[in-house]
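# Breakdown of the fold
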Amino acid sequence: MRLLTLFICVFCVLSVNGQSDTLQFAEELTIIKVIGVDSSYIDPDILKSYNNGVELLENGQLTESIAAFTITLEQKPDFSKAYFNRAIAEMQLGNKQKAYDDFIKYTEIDSLPAEGFFQASIIKFQSANYEESLALLDKAIKTNSTDARFNYEKGVIYFLMADFDAAIEEYNYALQKNPESPYAMNDRASCKKEKGDLEGAIYDYKKAIDADPNFDIAWNNLGSAYRDENLYEEAIDAYSNAIMFDPENEVYINNRGYTYFLLENYSNAMADFDIATKINEDYAFAYNNKAATLIKMQEYTDAITEAEIAIKLKPDYGYAYLNRGIAREMIRDKNGACEDWLKAEELGVKSASAHLSNTCN
């Protein structure tokens, strides 16, 4: 019987969110308080209405807080901080356009508008309007050049736009302003990894971990960089640290399992894939990895079962069809194998073509 080459797919070795490494765009919004202001600046009754809105917002009474801030603004239309806080409540209610309009109004009348531009940029980012988000971040930087967050978030957007050089430049600016930011170092590492600079990526991931030893995402990303360098033992150690800090993260466990697979330690690989699917019963990628591992262990019927679970969960998962086809061929189901490889080829799995030409013609 001829030797078969296994192709297995591992999802999110770079990411725990299905995006890219960290890329945590927005920090939690800060409510602006104005308490005890000189009544010559703000009428006491207006201030009372405003502070009532702040209290309601802090207590999670969003609709009521919006009403209070609206009353405040009816009495004092140039009260910028009431627009800002009303925008926070609107955001939490999912009213993004109203929140955006209030943040922009805040920027028009407040003497320190940077935070309003920043929050408005987040709304545009969430709607995937990256160019508009970048423009607003530029305005935030122009009005406050010292805040590292603004450059960091520009880096996030450029990363998602696959402009890794521009992203690295923004992360560099962020690190000039905040040299100990583990997120900026982690994300800069991911840019370097995407550019093929694994040595530089590993260096930056380690710097991120030095800044925050509990940074599980950076540990996971370091493991993936080590794995790409074929440093499998080092990768397993890094993944194990990520799992130690987040033991319920199926992606980290799946990634370690895949590394065990590459080391041909199939029992440990299966153990990790089993844990991953127990944590997340809908995690198709780990089921497919089980199938590939079971093929290596010559347990072909079980491999078919696991591949079928992956396909049921993710019907467009080409690698699951590929692996089911391999297992079917091994139990002499040529027709079933060819059907699976044809489907895998249709779904863009290039290696399926070799199986089709070798077996099905």
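Everything numeric in this text was worked out from a predicted model, so none of it was measured. (Residues numbered from 1 in each chain as written. Predicted model: local features only at pLDDT ≥ 70, side-chain atom pairs only at ≥ 80, totals over all residues. Heavy atoms only, no water.)

## Side note on the state of the cysteines
Stated precisely, the cut-off is as follows: To count as a disulfide, a pair of cysteine sulfur atoms needs to be within 2.5 Å. Comment: elements are numbered from the N terminus, with helices defined as DSSP H or I runs of at least four residues and strands as E runs of at least two. Buried means the residue's accessible area, taken with a 1.4 Å probe over protein chains only, is under 20% of the maximum for its type, while exposed means over 50%, and partly exposed covers the values in between.
The full count for this structure, using the stated rule, is one disulfide. Disulfide partner of Cys 338: Cys 360, at an S-S distance of 1.9 Å. A torsion of -100 degrees about the S-S bond marks the disulfide between Cys 338 and Cys 360 as left-handed. Remark: Cys 360 occurs in the segment after helix H19 (352–359) and Cys 338 occurs in helix H18 (residues 334–346); sequence separation between them is 22 residues. You can call Cys 360 partly exposed: its relative accessible area is 25%.

## What to know about unusual backbone geometry
Residues other than glycine predominantly adopt negative phi, and peptide bonds predominantly adopt the trans conformation. Phi at Asn 230 takes a positive value of approximately 65 degrees, unusual for a residue other than glycine. Locating Asn 230 in the fold gives a position in the loop between helix H11 (216–228) and helix H12 (232–245). Positive phi, normally seen in glycine, also occurs at Glu 264, with a value near 65 degrees. Note on placement: Glu 264 falls in the loop between helix H13 (250–262) and helix H14 (266–279).

## Things to note about the confidence of the model for the protein
Test applied: The predictor rates its confidence in each residue with pLDDT, a number between 0 and 100. Residues are treated as being in contact if the distance between any of their heavy atoms lies within 4.5 Å.
Averaged over all residues, the pLDDT of the protein equals 90, while 89% of them reach at least 70. Below pLDDT 50 for its whole length, residues 35–39 participates in five contacts with residues either more than four positions away or in separate chains.

## Focus on the nonpolar core
In plain terms, the rule: Among buried residues, those of type Ala, Val, Leu, Ile, Met, Phe, Trp, Tyr and Cys that are joined through side-chain atoms within 4.5 Å constitute a nonpolar core.
Tyr 171 and Leu 222 are the most contacted members of the largest nonpolar core, which totals 99 residues. In contact with Leu 222, not counting residues within four places along its chain, are Ile 202, Tyr 205, Lys 206, Ile 209 and Ala 238.

## Quick look at helix H15 (residues 284–296)
Selection rule: Each residue after the first adds 1.5 Å to the expected span of a helix.
Over its 13 residues, H15 runs 19 Å from end to end, which matches the ideal 18 Å to within 8%, given 1.5 Å per residue. Summarising burial for H15: 12 of the 13 residues are buried, a large majority. Turning to H15, its buried residues number three or more, namely Ala 284, Phe 285, Ala 286, Tyr 287, Asn 288, Asn 289, Lys 290, Ala 291, Ala 292, Thr 293, Leu 294 and Ile 295. Turning to H15, the residues buried within the fold contact H13, H14, helix H16 (300–313) and helix H17 (318–330). Just beyond H15, the residue with positive phi is Gln 298, at close to 65 degrees.

## Quick notes on the pattern of salt bridges
Quick reminder of the rule: By convention in these notes, a salt bridge is any Lys or Arg side-chain nitrogen within 4 Å of a carboxyl oxygen on Asp or Glu.
As enumerated under the stated definition, the model contains 21 salt bridges in all. Among the salt bridges present, the one from Lys 76 reaches Asp 78, with a minimum N-O distance of 3.1 Å. Given a relative accessible area of 16%, Lys 76 falls into the buried group.

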